[in-house]
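A structural walkthrough
Here is how the chains run, residue by residue.
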Amino acid sequence: RLFVLEEEPAAPAQAAPGAGGKVLALLIGVSKYQSELIRPLQFAHQDALIFEQYLKSPRGGRLPDADIVLLTDEKATTAAVRNAFETFLKVRAGKDDTILLFLAAHGVAEPGRGSYIVTYDSDPQDLATTALPMADVQKLLREDLTKVGRVMAYVDACRSGTIGAIVNKTQSVHAGLEKLAESEGELFLFTASRAKEISYEGPQFGGGHGAFTYFLLSAFNGEADKNQDAQVDLNEVIDYVRTKVAEGTYDRQHPRDYGTMETTQRVADTKAEGIRLLKWTGPPPQKARALLAQAGPEAGRGLALPPPRNELDQAVAAGRLSPDDP
């Protein structure tokens with residue numbers, strides 16, 4: 001009996017301490033797409049995989065396989081995502097449980113028709129019936145999960161800003177995302193960027209991730225523990241991610257948070273073992289001018305440094321403004 005007690009695994013930590021119940025995580029990352037009209041992403045699937053790795057670590061809650069659904073690339077069809085909503089989240093989650101939803105994929109908005117998360121088998125010519133409307137995600141959080149203790153959603157979408165020939169660059173999926181924060185109950189929603197901003201990815205972010213996801217996981221993994229109390233709360237996560245994403249994308253991307261959850265909520269205990277993350281390897285700001293001159297039409301996302309779009313950006317790129325002079 002002593003042997004059994006010693007070998008028994010420790011009780012799982014909670015991703016949202018104080019919530020009680022269990023944590024159910026749905027992780028979606030789509031880099032490859034069935035349609036040749038949809039430009040593939042590089043690291044969205046890696047974002048979902050690293051998130052799963054963190055959740056299985058002691059610091060992330062030591063979630064068992066049974067409480068995680070991971071959908072990447074060809075497995076992340078619209079039908080599979082809807083099925084996970086219906087048979088995993090809605091059926092299994094109770095009033096004391098926490099739902100964790102992570103989405104990394106293309107996001108697109110059609111004028112007058114709404115905004116969508118683009119799944120593996122989405123048809124760019126018929127998004128209304130083949131993609132995942134943000135309205136459906138909103139309904140899931142607002143109506144179908146009203147009996148759940150809390151929902152924490154992280155959305156790293158709109159990375160590219162263009163999908164084939166159908167995307168109007170003046171449109172944004174974030175108008176749909178922001179409506180999620182109107183849901184009833186205890187909700188925390190963290191999106192990768194402001195409306196009309198691109199969400200960047202690249203190898204400089206931990207070997208290959210989205211900027212938002214990389215710094216989000218870095219925050220959870222302990223980098224956000226500003227007061228060094230061995231605890232990470234949502235306030236620290238928000239502040240860290242906002243600051244580091246802006247720095248890592250040369251002030252081109254600015255995450256936003258919404259919801260009703262108390263931001264003093266503890267989300268990680270740094271005394272527990274976390275995961276290994278590679279360091280950010282982006283170039284220093286003073287080299288931005290040279291990189292900009294070398295960047296081709298496809299390099300903006302990978303380098304997190306799009307071409308200048310106005311007089312201010314042009315002045316910065318030409319070195320006419322000093323970053324060290326207020």
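A few points on the structure.

Here we come to the packing of aromatic side chains. Going through the model one piece at a time under the given rule, you end up with 11 aromatic pairs. Each ring, one from Phe 188 and one from Phe 190, has its centre 5.7 Å from the other, and the planes form 55°; the classification is tilted. Both residues of the pair, Phe 188 and Phe 190, count as buried. Measuring from ring centre to ring centre gives 5.2 Å for Phe 190 and Phe 212, while their planes differ by 80°; the resulting arrangement is edge-to-face. Here the residue Phe 190 occupies a position in strand S8 (residues 186-191), and Phe 212 occupies one in helix H7 (residues 211-223), the gap between them amounting to 22 residues. A residue is classified by how much of its surface remains accessible, and Phe 212, at 0% relative accessible area, is buried. The structure contains a cluster of three or more aromatic residues connected by ring pairs, namely Phe 51, Tyr 54, Phe 102, Tyr 154, Phe 188, Phe 190, Phe 212 and Phe 220.

Once that is clear, we can look at the nonpolar core. Across soluble globular proteins, nonpolar side chains show a tendency to be buried alongside one another. Residues Phe 51 and Tyr 154 are the most contacted members of the largest nonpolar core, which totals 81 residues. Per element, the largest residue contribution to this core is 8 residues, and it comes from H7.

Taken as a whole, this structure holds 10 salt bridges when the rule is applied. The closest approach of N and O atoms between Lys 56 and Asp 65, which form a salt bridge, is 2.5 Å. We classify Asp 65 as exposed; its relative accessible area is 56%. Among the salt bridges present, the one from Asp 269 reaches Lys 271, with a minimum N-O distance of 3.2 Å. Residue classification places Lys 271 among the exposed residues on the basis of a relative accessible area of 61%. Sharing partners across several salt bridges, the network here consists of Glu 52, Lys 56 and Asp 65.

Look at helix H3 (residues 78-92): 20 Å from first C-alpha to last across 15 residues, which is about the 21 Å you get at 1.5 Å a residue. At Phe 85, H3 shows its strongest bend, of approximately 30°. The set of residues buried in H3 consists of Thr 78, Val 81, Ala 84, Phe 85, Phe 88 and Leu 89. Among the structural elements, strand S1 (23-29), strand S2 (68-72), strand S3 (98-105), helix H4 (127-130), strand S6 (132-133) and helix H5 (134-144) are those in contact with the buried residues of H3.

So, about the packing of H3 against H5. The geometry of H3 relative to H5 is characterised by a closest axis approach of 12 Å and an angle of 15° between their N-to-C directions. Between H3 and H5, the interaxial angle falls into the category roughly parallel. At the point where H3 passes H5, the crossing takes the right-handed sense. Residue-level inspection shows Arg 82, Phe 85, Leu 89 and Lys 90 of H3 in contact with H5, the latter providing Asp 136, Val 137, Leu 140 and Asp 144. Class assignment of the residues belonging to the contact of H3 with H5 gives a composition of 4 nonpolar, no polar and 4 charged.

Conventions used here
- Residues numbered from 1 in each chain as written.
- Predicted model: local features only at pLDDT ≥ 70, side-chain atom pairs only at ≥ 80, totals over all residues.
- Heavy atoms only, no water.
- Phe/Tyr/Trp six-rings, centres within 6.5 Å; stacked < 30°, edge-to-face > 60°.
- Buried < 20%, exposed > 50% of the residue type's maximum accessible area, 1.4 Å probe, protein only.
- Helix = DSSP H or I, 4+ residues; strand = E, 2+ residues; numbered from the N terminus.
- Core = buried A, V, L, I, M, F, W, Y, C linked by side-chain atoms within 4.5 Å.
- Salt bridge = Lys/Arg side-chain N within 4 Å of Asp/Glu carboxyl O.
- Expected span 1.5 Å × (residues − 1).
- Bend = angle between axes of the 7 residues up to and from the residue.
- Contact = heavy atoms within 4.5 Å.
- Axes fitted to C-alpha atoms, helices over the stretch in contact; angles between N-to-C directions.
- Parallel < 35°, antiparallel > 145°, perpendicular 65-115°, else oblique.
- Left-handed = near helix turned anticlockwise from the far one by under 90°.
- Nonpolar A, V, L, I, M, F, W, Y, C, P; charged D, E, K, R; others polar.

This is a description of form; function is not addressed.
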